[in-house]
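Coordinate analysis (summary)
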Amino acid sequence: MTESAASTAPAAPLVRRAVLADESALGELDRATWSTLHAVQPRPQPPYAPFFDERHTPRDILVAEAVNEAGERAPAGYIRVVPPTPLACNAHVRQIQGLAVAHWARGRGVGRALVRAACAAARDEGANRITLRVLGHNAPARALYEAEGFTVEGVLPGEFFLSGRYVDDVMMGRPLTP
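What counts and what doesn't
- Counting of residues starts from 1 at the beginning of each chain's written sequence and follows it residue by residue.
- With pLDDT at 70 or above as the cut-off, local features in this predicted model cover only qualifying residues; side-chain atom pairs require 80 or more to be listed or tallied, and sums for whole chains, interfaces and linings still use all residues.
- Processing note: side-chain calculations cover all non-hydrogen atoms of the structure and skip hydrogens and water entirely.
- A side-chain nitrogen of Lys or Arg and a carboxyl oxygen of Asp or Glu constitute a salt bridge if their distance falls within 4 Å.
- The cut-offs for exposure are 20% and 50% of the maximum accessible area for each residue type, with area from a 1.4 Å probe on protein chains only; residues under the lower value are buried, those over the upper are exposed, and the others partly exposed.
- Think of it this way: any DSSP run of H or I at least four residues long counts as a helix, any run of E at least two long counts as a strand, and we number them from the N terminus.
- Directions are taken from the helix axis to each C-beta atom, and the arc is the one they span.
- Note on contacts: a residue pair is in contact if any heavy atoms of the two residues lie within 4.5 Å.
- What a helix should span is 1.5 Å times the count of its residues minus one.
- Note on pairing: DSSP must find at least two bridges between two strands before they are called paired.

**As for the pattern of salt bridges**
The full count for this structure, using the stated rule, is nine salt bridges. Through salt bridges with shared partners, a single network forms among R17, R59, R94 and E125.

The following block contains the structure:
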């Protein structure tokens, strides 16, 4: 790569743990990225629920920051990683329960950086396995997860009825070996 090409390439996203001050930006990002490609809940309507609550704490969220169109570092995406249940016998597992990437940041490695950071954070917490659920028609997300080592572990055919059609719920997982 030439020096001029390197200087025009977008900087790699920085991934960090969320803080309470991210509430507004993450709420806006969540609403802006809502799509029937991944959402099973209706489109959010005002008044909007808080992004953080007792089930969705900053500790559970990793935020990717990247340089936006205005040349400013801004939240470009987030991923939520939590224990799938409160059971001690399941404490070795973490589950991705939400991933969003801003439209302006797509194609820049933000989703990949978030998935990798989620796996690393889960491993650091002592987990040895990570799982997720993804809608069957969400080909971009499934391709990303497969590229990051996730495999399909189960399918619930027609589990959701969205926009006039039945959609599969696909379970994926991977080990967190170093």
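We are not done yet, so read on.
**Comments concerning helix α2 (residues 23-32)**
For α2, the full list of buried residues reads L26, G27 and L29. Seen along its axis, α2 keeps its buried residues to an arc of 160°; they face one direction. Residues of α2 that are buried in the fold lie against β2 (61-67), β3 (73-82) and β4 (93-101).

**Looking at helix α3 (residues 110-124)**
In this model, α3 (15 residues) spans 21 Å end to end at C-alpha, consistent with the 21 Å of a helix rising 1.5 Å per residue. Residues of α3 that are buried: V110, G111, A113, L114, V115, A117, A118, C119, A121 and A122. Positive backbone phi, at 95°, marks G126, one or two positions downstream of α3.

**Overview of unusual backbone geometry**
For the bond from P46 to P47, the omega torsion is -5°, close enough to zero to count as cis. Note that P47 resides in the loop between α2 and β2. Despite not being glycine, S163 shows a phi value in the positive range, around 50°. Mapped onto the secondary structure, S163 falls in the loop between β6 (151-162) and β7 (165-175).

**Examining the pairing of strand β5 (residues 129-135)**
Extensive coverage of β5 is indicated by the burial of five of its seven residues. Pairing between β4 and β5: four bridges, direction parallel. Bridge pairing in β5 places V93 opposite R129. Relative to β7, β5 runs antiparallel, the two sharing seven bridges. When the sheet's bridge partners are listed, R129 is paired in β7 with P175.

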